[in-house]
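The chain contents come next:
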Amino acid sequence: MPHCLQPSLRKPAVILCLLLSSTSLSPTWGQAMIPLETVKLWADTFGGNLYDTVTKYSGSLLLQKKYKDVEPNLRIQEVDGLELVKKFSEDMETMLRRKVEAVKNVVEAAEEADLDHEFNESLVFDYYNSVLINERDARGEYVELGAEFVLEPNAHFSNLRVNTSLSSVQLPTNVYNKDPDILNGVYMSEALNPVFVENFQRDPTLTWQYFGSSTGFFRIYPGIKWTPDENGVITFDCRNRGWYIQAATSPKDVVIVVDTSGSMKGLRMAIAKHTISTILDTLGENDFVNIIAYNDYIHYIEPCFKGILVQADRDNREHFKQLVSELVVKGVGVVDQALREAFQILKRFQEARQGSLCNQAIMLLTDGAVEDYEPVFEKYNQLDRKVRVFTYLIGREVTFADRMKWIACNNKGYYTQISTLADAQENVMEYLHVLSRPMVINHDHDIIWTEAYMDSKLFASQAQSLVLLTTVAMPVFSRKNETRSHGILLGVVGSDVALRELMKLAPRYKLGVHGYAFLNTNNGYILSHPDLRPLYREGKKLKPKPNYNSVDLSEVEWEDRAEILRTAMINGETGSLSMDVKIPLDKGKRVLFLTNDYFFTDISDTPFSLGVVLSQGHGEHILLGNTSVEEGLHDLLHPDLTLASDWIYCITDIDPDHRKLSQREAMVRFLTGEDPDLECDEELVREVLFDGVVTAPMEAYWTALALNASEESERVADMAFLGTRAGLLRSSLFVGSEKVSNKKFLTPEDKASVFTMDHFPLWYRQAAEQPAGSFVFNLRTPEGPEGPGEPGVVTVSTAVAVTVDEKTAIAAAVGIQMRLDFLQRTFWAATQQCSAGDGPCPKSCQDGDLDCFIVDNNGFILISERPQEGDHVRLPGHVQTPQSPPQRRPAPGQPYLSPPDCNQMAGE
């Protein structure tokens, strides 16, 4: 029978359990042969020896003493979560407002330039074509539209080669680069160059600025060379991008009605399917849609959506595309029933104040053989014509063109004929211009913000990192008096905002060990969240997951079962609530049980809401200390000290001269007054200096241990390390770097073990939730070419807590990376002990009929007697009979007992 005992020591405990099981003896007999006192002795002996070792090599008692010594100079401040989230929101609003101002400047310049420009049918103009720049012909001369264009690597633009003095122009392969409309538009938009440059000088945090023209060209600043795909084709068309479509039109309710009668067979049906897919691509999260197919009768292609409209998010659009691809043709087309059904859906939604509450449209796709349609329009759309009808004549036949034109023109829509698959793209885009006309005529310069996305197609051939972006965009209208009544959309201006940069305005050190901040949209979708993992690995490449930008808040904050938090944030409310939560750690293998306080508010003038999470207890307390600059600077320069590379101690991204500085170099310049232009977070800098002074003696302590290391001690620990809540890291090797078991530990390659924007290190977070002075263990198997056969290493850590005026805060965590084989030797030695007066031990872990395990606090085996695959012994708790098959023992690192609810958290 297994005994699970946590060692109860005179000292703080190591968090491990000892389990025993007998392979052939009955439970009663086995217990009699192994007295409980003996098992407790083994546990106490093992725990005591282990505690002495880890405290010695980590220096935990020294670090605790150093923080204890400075307690009179410490104060603990309680964090006001509501004030914190409001402050973060205001900072984000200020940052985003600067992006909006930049876009407005470009829009105004574009409209002024168009007002001053007269269209010239025979205009000849050379411009910097993004594909052709710096290209030479066989004679070594620059090709047409490919003049010399200076490009230099720029750290602010992901180290891409760019020109920050000029923009360049990109066109899709199917757009002629010397078309008169293109040449006139490009010539007119040359006036945007100085505005782009001025915007960037005024706000150096700006990234890409661009103008997407309704004629198809795309002017981007800074200028960049565009490389076609492997087929020599450029498929990027700015008019297909979400930011363009959302800015060009208002939200809309759309019912797509498609003819699936027998006359649509063959190529016509293929064109219709492609056209529907293209229409779906022009819809976004603020739009609502459904698709009705008709022949002898009508049917919804998704029966579950009968009689309703659904949000045109990515999931629904992809689902519709799949169903459209499966449509088959048969029977005779009866269009009046389908149109009647479409009008009724739109009317119900309008009366119920559901859907987009804006534009409504019907898209009719047919080969033209329609009859009995006029009475439907007279009944549903005769008076105010609130529903626009767009007709798409499929195929080369023009016999029924007059009917289709009548339907569109009498219902404020647009008619087009699509005779080939290649025609679909351009013709579908026409409906956007029609829907934009009221906005153009009224000059409604609405500002839109997109959902999170990765523009990996923008620079597909460049070394562009896959980062989450949101785009702010505004439409550009013609202000010429002679065309104003026509409602001409010139294009859309946009600028990207990296969400990572936005989240830097919610500094990690203000959120505590387990705290975090997150953003979501008014549709409930996540913009940024530590548990949003939008990428997956395919071989050596990282790729975006399908539907990564339509992850609902309730799928991550899943304890919000009543959706109170989600609803409040969608509505842009300000408030707070508390929830008991389970937090996954270590890629979902481990779990923490916490009570979190959620604070939330909206970000003004955007569709976004910000949430801040603080764990109750020490998570809502911040430790504040102080020291002199002279003393702090001395310790800051120690070679064993590093700072969290993702954290912003000083702003180095604004001034180009600062971008080459590390955070530590920038701090030194700031503190010495060497660079008065540097802006630094003075509170965070002060805490780093204080922690540097308090932890400085650890370097000498570890160095002395390393110098006195014997061959035996080299077999115990590889290194010691510590981290503080200010993102400061110290580490020291006890062995040569070539002998370190896990060389990735504490390096940027191992994100889990260092401070990042999203989280504190794993060893820090685990230690913070254990009793004061207790050590927590985590077995890690080395990765890399050496393979899984290499011996495992164990990370051991403990937290250092400080209490002032009955308030407790976590100041730091300290630990070691030790060899698994040392744990094993220590354990087997401990099990040789017997209770006093017992004489020789009747049984020990070396006996073949007794199994011994050491299990950590999450149920994972650290030590087992015969870990090699192929050991046929039963698992503890299972009595093996002659009839039952032999069971394999779990190897170290495998779960012995599933931690509570851990399976639910281990989806990744």
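As shown above, the structure is provided for reference.
Residues numbered from 1 in each chain as written. Predicted model: local features only at pLDDT ≥ 70, side-chain atom pairs only at ≥ 80, totals over all residues. Heavy atoms only, no water.

(A) Up close: the state of the cysteines. A full pass over the atoms with the stated rule returns one disulfide. Here Cys-650 connects covalently by a disulfide to Cys-680, the sulfurs 1.9 Å from one another. Taking the sign of the S-S torsion, about 100° here, the bridge from Cys-650 to Cys-680 comes out right-handed. Pair noted here: Cys-650 is in strand 28 (residues 650-651) and Cys-680 is in strand 29 (residues 679-680), with a separation of 30 residues, a long-range link. A relative accessible area of 1% places Cys-650 in the buried class. (Disulfide = S-S within 2.5 Å. Helix = DSSP H or I, 4+ residues; strand = E, 2+ residues; numbered from the N terminus. Buried < 20%, exposed > 50% of the residue type's maximum accessible area, 1.4 Å probe, protein only.)

(B) Highlighting the sheet that holds strand 6 (residues 209-213). Read across the sheet, six strands follow the order 5-7-6-18-17-16 without closing on themselves; strand pairing throughout is antiparallel. Unpaired on one side and paired on the other, strand 5 (168-170) and strand 16 (448-449) mark the two borders of the sheet. In the sheet, strand 6 pairs with strand 7 (residues 218-221) via four bridges, with the strands oriented antiparallel. Looking across to strand 7, one finds that Gln-209 is bridged to Tyr-221. Here helix 6 (residues 193-202) sits on the sheet in contact with strand 6 and strand 7, set at roughly 35° to strand 7. (Pairing = 2+ DSSP bridges. Contact = heavy atoms within 4.5 Å. Axes fitted to C-alpha atoms, helices over the stretch in contact; angles between N-to-C directions.)

(C) Local environment of the nonpolar core. Counting 109 residues, the largest nonpolar core has Tyr-127, Trp-243, Leu-565 and Tyr-598 as its most contacted members. For this core, the element with the most residues is helix 4 (residues 81-116), which contributes 13 residues. Setting aside residues up to four positions removed in sequence, Tyr-598 forms contacts with Tyr-516, Phe-518, Glu-557, Leu-565, Gly-575, Ser-576, Leu-577, Met-579, Val-581, Val-612 and Val-613. Of all hydrophobic cores here, the second largest spans 87 residues; its members include Leu-661, Leu-729, Val-796 and Ala-811. (Core = buried A, V, L, I, M, F, W, Y, C linked by side-chain atoms within 4.5 Å.)

(D) Representation of the side chain of Ser-60. Of note, Ser-60 is situated in helix 3 (residues 60-69). Once residues lying within four places of it in the same chain are set aside, the contact partners of Ser-60 are Thr-55, Phe-775, Thr-798 and Val-814.

(E) Quick look at the pattern of salt bridges. A full pass over the atoms with the stated rule returns 35 salt bridges. Across the pair Glu-112 and Arg-479 runs a salt bridge whose closest N-O atoms are separated by 2.5 Å. One end of the pair, Glu-112, is in helix 4; the other, Arg-479, is in the loop between strand 17 (469-477) and helix 14 (481-484), with 367 residues separating them in the sequence. Classification of Arg-479 by relative accessible area gives partly exposed; the value is 22%. Its salt-bridge partner being Asp-646, residue Arg-500 comes within 3.1 Å of it at the nearest N-O pair. Taken together, the positions of Arg-500 in helix 15 (residues 499-503) and Asp-646 in the loop between strand 27 (641-643) and strand 28 put the pair 146 residues apart, joining distant regions of the chain. Note on Arg-500: relative accessible area 40%, which makes it partly exposed. Take Asp-646: its relative accessible area is 14%, and that puts it in the buried class. (Salt bridge = Lys/Arg side-chain N within 4 Å of Asp/Glu carboxyl O.)

(F) Summary view of the packing of helix 2 (residues 36-58) against helix 19 (residues 682-707). Where helix 2 meets helix 19, the closest approach of the two axes is 9 Å, and the angle between their N-to-C directions is 120°. In this view, helix 2 runs oblique relative to helix 19, as classed from their interaxial angle. Here helix 2 contributes Thr-55, Lys-56, Tyr-57 and Ser-58 to the contact with helix 19, which in turn contributes Met-698, Tyr-701, Trp-702 and Leu-705. (Parallel < 35°, antiparallel > 145°, perpendicular 65-115°, else oblique.)

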